[in-house]
Amino acid sequence: MQQELPRSTSLEGFNVNQKDTTAVLSPISEQADEIETNHQPASAPGSALEASATTQGTAVGAKASPDRKRAGRLGDDKRFKIFCGSSNRALGEEICKFVGVPLGETRMQRFSDGEVHFQLLENVRGADVFLVQPTCFPVDQHLVELLIMMDALKRASAGRITVVIPYYGYARQDRKDRPRVAITSKLVADLLTTAGANRALLVDLHAAQIQGFFNIPVDHLFASPVLVSYFRDLNLHNLTVVSPDAGGVERARFFAKKLDVPLAIVDKRRTDINVTEVMNVIGDVRGRSCLILDDIVDTAGTLVKTVDALLAQGAAKVYACATHAVLSGPAVERIAASRLEELVVTNTIPLREDAQRVAKIKVLSIAGLLGRAIESIHMETSVSTLFN
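Fair warning: this is a prediction, and the values are worked out from it, not measured in the lab.

Q: Got a minute to help me understand the sheet that holds strand β8 (residues 218-221) in this structure?
A: Spatially, five strands are ordered β2-β5-β6-β7-β8 in an open sheet, and the strand pairing comes out parallel. Each end of this open sheet is capped by a strand with a single partner; those strands are β2 (80-84) and β8. In this sheet, adjacent strand axes meet at a mean angle of 15° when their direction is disregarded. Direction of pairing for β2 relative to strand β5 (residues 128-132): parallel, over a ladder of five bridges. Considered in β5, the bridge of F83 is made with L131. Packing against the sheet, helix α3 (residues 139-155) makes contact with β2, β5 and β6 (160-165), and its axis sits at approximately 165° to β6. Running over the sheet, helix α10 (residues 367-378) touches β2, β5, β6, β7 (199-203) and β8 and is turned about 160° from β7.

Q: Sorry if this is basic, but what is going on with helix α6 (residues 249-259) here?
A: Residues separated by three or four positions in an α-helix point in the same direction, a consequence of the helix having 3.6 residues per turn. If you check which residues of α6 are buried, you get V249, A252, F254, F255, A256 and L259. Of the residues trailing α6, D260 is marked for its positive phi of about 60°.

Q: Looking at this structure, how should I read the packing of helix α5 (residues 224-234) against α6?
A: For any two helices packed against each other, the geometry comes down to the angle between their axes and how far apart the axes lie. Put simply, α5 and α6 touch, their axes get as near as 10 Å, and they point 45° apart. In terms of orientation, α5 lies oblique with respect to α6. Crossing geometry of α5 relative to α6 is assigned as right-handed. Here α5 contributes S224, L227, V228, F231 and R232 to the contact with α6, which in turn contributes F254, F255, K258 and L259. Split by residue class, the contact of α5 with α6 holds six nonpolar, one polar and two charged.

Q: Any chance you could explain the side chain of D204 here in plain terms?
A: Within the element layout of this structure, D204 appears in the loop between β7 and β8. Summary of buried charges: D204 has no salt-bridge partner, and the nearest side chain of opposite charge, R251, is 4.7 Å away. Here A223 takes part through its backbone nitrogen, which lies 3.1 Å from a polar atom of the side chain of D204. In this structure the side chain of D204 is engaged in a polar contact, spanning 2.5 Å, whose partner is the side chain of T323.

Q: How do you make sense of the pattern of salt bridges when you look at a structure like this?
A: Once the charged atoms of two side chains with opposite charge are near each other, the side chains can pair. Under the counting rule described, the total for this entry stands at 14 salt bridges. The partner of E122 in a salt bridge is K81, and the shortest N-O contact between them spans 3.0 Å. With E122 in the loop between β4 (116-120) and β5 and K81 in strand β2, this pair connects stretches of sequence that are 41 residues apart. Judged by relative accessible area, which is 27%, E122 ranks as partly exposed. Under the relative-accessibility criterion, K81 is labelled buried at 16%. Between R175 and D174 there is a salt bridge, with the nearest N and O atoms lying 3.0 Å from each other. Judged by relative accessible area, D174 falls into the buried class, the value being 9%. Counted as one network, the salt bridges with shared partners bring together D128, R160 and E380.

Q: How should the nonpolar core be read in this particular structure?
A: Among soluble globular proteins, nonpolar side chains are generally buried collectively. Residues I82, F231 and F255 are the most contacted members of the largest nonpolar core, which totals 47 residues. Considering every element that reaches this core, the biggest residue donor is α10, with six residues. When residues no more than four places from it in sequence are discounted, the contact partners of F231 are L236, F255, L259, L291, Y319, A320, C321 and V344. Core analysis: the next-biggest nonpolar cluster, separate from the first, contains 36 residues, V129, L147, A195 and I210 among them.

Rules and cut-offs
Residues numbered from 1 in each chain as written. Predicted model: local features only at pLDDT ≥ 70, side-chain atom pairs only at ≥ 80, totals over all residues. Heavy atoms only, no water. Pairing = 2+ DSSP bridges. Helix = DSSP H or I, 4+ residues; strand = E, 2+ residues; numbered from the N terminus. Axes fitted to C-alpha atoms, helices over the stretch in contact; angles between N-to-C directions. Contact = heavy atoms within 4.5 Å. Buried < 20%, exposed > 50% of the residue type's maximum accessible area, 1.4 Å probe, protein only. Parallel < 35°, antiparallel > 145°, perpendicular 65-115°, else oblique. Left-handed = near helix turned anticlockwise from the far one by under 90°. Nonpolar A, V, L, I, M, F, W, Y, C, P; charged D, E, K, R; others polar. Lys, Arg positive; Asp, Glu negative; His and termini not counted. Salt bridge = Lys/Arg side-chain N within 4 Å of Asp/Glu carboxyl O. Polar contact = N/O pair within 3.5 Å; in protein donor to acceptor, adjacent residues only side chain to side chain. Core = buried A, V, L, I, M, F, W, Y, C linked by side-chain atoms within 4.5 Å.

Purely spatial values, then, with no claim about function.
Dropping the structure here:
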């Protein structure tokens, strides 16, 4: 027996943030060299990412403006299609609105035991297909949905399938840091390729070298243009950018350079999964406003401990920003109770319902960034020029 989801509702448990989703994109330069730009012509039919928790309607066309001329032409291209899965439907709709194309129509059903049944409701033969699906909570469910959607696209003879994964789940296990453990980021890359992905578009990977786990072209985007623009407009007095660990120093250094402010580093030790201990603060933060920069906020344990350590060293105020708001477990309660001034995140992951009620948490949209990258990939132009 199959249970069909109503057209007007989303899968139970998927809370999508409808607020603070204005697309922001500012120029950037130094990151151009860090972005993969291996654009290739459409290959033989592969698998295309296409999923929707419900049957998809037509997105509103983008407003005409000088920097949006390409999007207007794409709206008439019948071989250019965007689909999205159930994990972040709002982001998929916003990308389509920015690009000026309708969101592809699909039907997703579940058998009584929870198995996914997916069907494309339009022809994709020979099409250049982009499938938007962050593999966020519940990670396993959304990953399997993504694989099933790609298989459907591959079997429907899509010309090229580009998987757009704003949040790449299982990225944190990218090496053997102890005996007899799995390297899940490589496993997921293999699964995506086997399922039929011809290309991948990813945002702020936990480790940039994960791109090397793929045997297909990868375009790695950074949310920094959106975040830098926001904090530049805030014009915080005596600002210092803080990396919460040694692994994020390169990211924080770039951010500090764009804002023309000093850099500080927190020396921490991870004692177990989701458990860290802050050791020392390297750099002068006394009397200064501090901005903690990270790629992921998960349980917020490290974030709150870093805030306390900075304030103990004499920091005046502490802000934080991150690309991916995982916010699992007690994260929302910790942030609400902390002495943090504001946490700024992007909409790569839909914000939890309880997090939407916390005034300290602000969401910025990367739909414009992803939309421009999708346009460039389809038109075989350089993605890196978006950051020049």
